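Coordinates in review
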Amino acid sequence: MLLLIFMKIEKVKKTITPLSKRERKRYILLEVLNVDVNEKDFYFGFWIDLLSFFGSKGLAEINPRIVLFKGNKAIIKCKRGKELDLIAGTAFIEKIRNKKVIINPVLTSGTIKTLKEYAKID
Amino acid sequence: MDVVYAQPLKELLAVSAYFKEDLIVLVSTSAQEKVAKDAKLTPCFVVSTSTPSSDLQKLSKKKKAVVGSDLKENEFAVKIRADFLLQPSNTKQNFDLGLAKKLSDNNTVVVLMFEELMKTNSFERHQYWKNYIEVVRYCKMKGTKFVVASGAKDPLHLRPRKVREALAVLLGLSDGLSKKYLEEVIK
């Protein structure tokens, strides 16, 4: 018991990966045409179709993340070099909530800021 | 450039105008051709081995497309010097290096109709995909033009140009070539 009392509890410092060693990413601005969908519906429609086309391994390599969804426009983050794969995959998204949609990739950029400015999203 | 089937024009024009896309409409009758021309779209006649030779002669100066579902139809596209060979392969591979060379000499464009691919189930889809990777490889070797088109019968099945370019790149075509072919074809 005494030993336990005198034991030092060392704080583990969180290591921050330097900017140069972080994984590079790209952001894609997508536009959902024809129907108004909410974020949740888009999220499910997006994942199901991409997963059926690329499979778990392929999708893990692309590593897509929905960063922002506002007014039928979405900003998706993915691994750099895999943006064309992701754009091609969006062709397979045919329906969301049983309503036909067209996903239109508007712009690809390295920063969210550019996309937000282009799409006029606050 | 995008290739679609004849369909209600009002919605089609609205969607194509949004994408700023020139459309080639596949027609089978002269009435459909007239409607397409009135809407300032490019008509293209779909012909097959069953089309009478008298009809083929009438279409000699017009754009022609062949739906290549089997070897016979693919060879027919070479024989009549068709402008487009649609769907040269399906779950079975009907395309080879010799055919690619002949199509290249005739300046025929090989077209993957995306809607056909969408209709298939996941098992058939992988066979389609595997065969088209081979088709693109042969086309690259012989310099045959290859494009991915929507092939839609419904305006909401049209796909934007960026997506179709990305699909062609995914099949093995280079980035520059996929863009170049899509721009060239309509001229």
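Residues numbered from 1 in each chain as written. Chains lettered and ligands numbered in written order. Predicted model: local features only at pLDDT ≥ 70, side-chain atom pairs only at ≥ 80, totals over all residues.

Turning our attention to the overall build of chain A. When helices and strands are tallied, chain A shows four helices and six strands. Listed N to C, the secondary structure of chain A is α-β-α-β-β-α-β-β-β-α in terms of helices and strands. Its C-alpha atoms give chain A a radius of gyration of 20 Å, more than 25% over the compact-globule value 14 Å for 122 residues. The C-alpha extent of chain A, read off along each of the three principal axes, is 70 × 30 × 25 Å. Taking all 122 residues of chain A together, 29% fall into the buried category. The contacts of chain A with a sequence gap of at least 6 include a subset with a gap of at least 24, amounting to 67%. (Helix = DSSP H or I, 4+ residues; strand = E, 2+ residues; numbered from the N terminus. Rg over C-alpha atoms; globule rule 2.2 N^0.38 Å. Buried ≥ 20, exposed ≤ 12 C-beta atoms within 10 Å, placed from the backbone. Contact = placed C-beta atoms within 7 Å.)

The next thing to look at is unusual backbone geometry. Excluding glycine, residues mostly have negative phi values, and the peptide bonds linking residues are mostly trans. Residues and elements named next belong to chain B. The residue Lys 40 is not glycine, and still its phi comes out positive at about 60 degrees. With respect to the secondary-structure elements, Lys 40 resides in the loop between helix H2 (30-38) and strand S3 (42-47). Judged by the 9 C-beta atoms lying within 10 Å of it, Lys 40 falls in the exposed class. Backbone geometry places Gln 87, a non-glycine residue, at a positive phi of 50 degrees. Within the secondary structure layout, Gln 87 lies in the loop between strand S5 (84-86) and helix H5 (97-106). The exposure class of Gln 87 is buried, given the 21 C-beta atoms found within 10 Å.

With that settled, the discussion passes to the nonpolar core. All names here are of chain B. The biggest cluster of nonpolar side chains holds 84 residues, and the ones touching the most others in it are Val 25, Phe 84, Leu 85, Val 111, Val 147 and Leu 167. Here this core takes seven residues from helix H8 (residues 161-171), the largest share from any one element. Ignoring anything within four residues of it in the chain, the contact list for Val 25 reads Val 4, Ala 6, Ala 36, Leu 41, Thr 42, Pro 43 and Cys 44. (Core = buried A, V, L, I, M, F, W, Y, C linked by C-beta atoms within 7 Å.)

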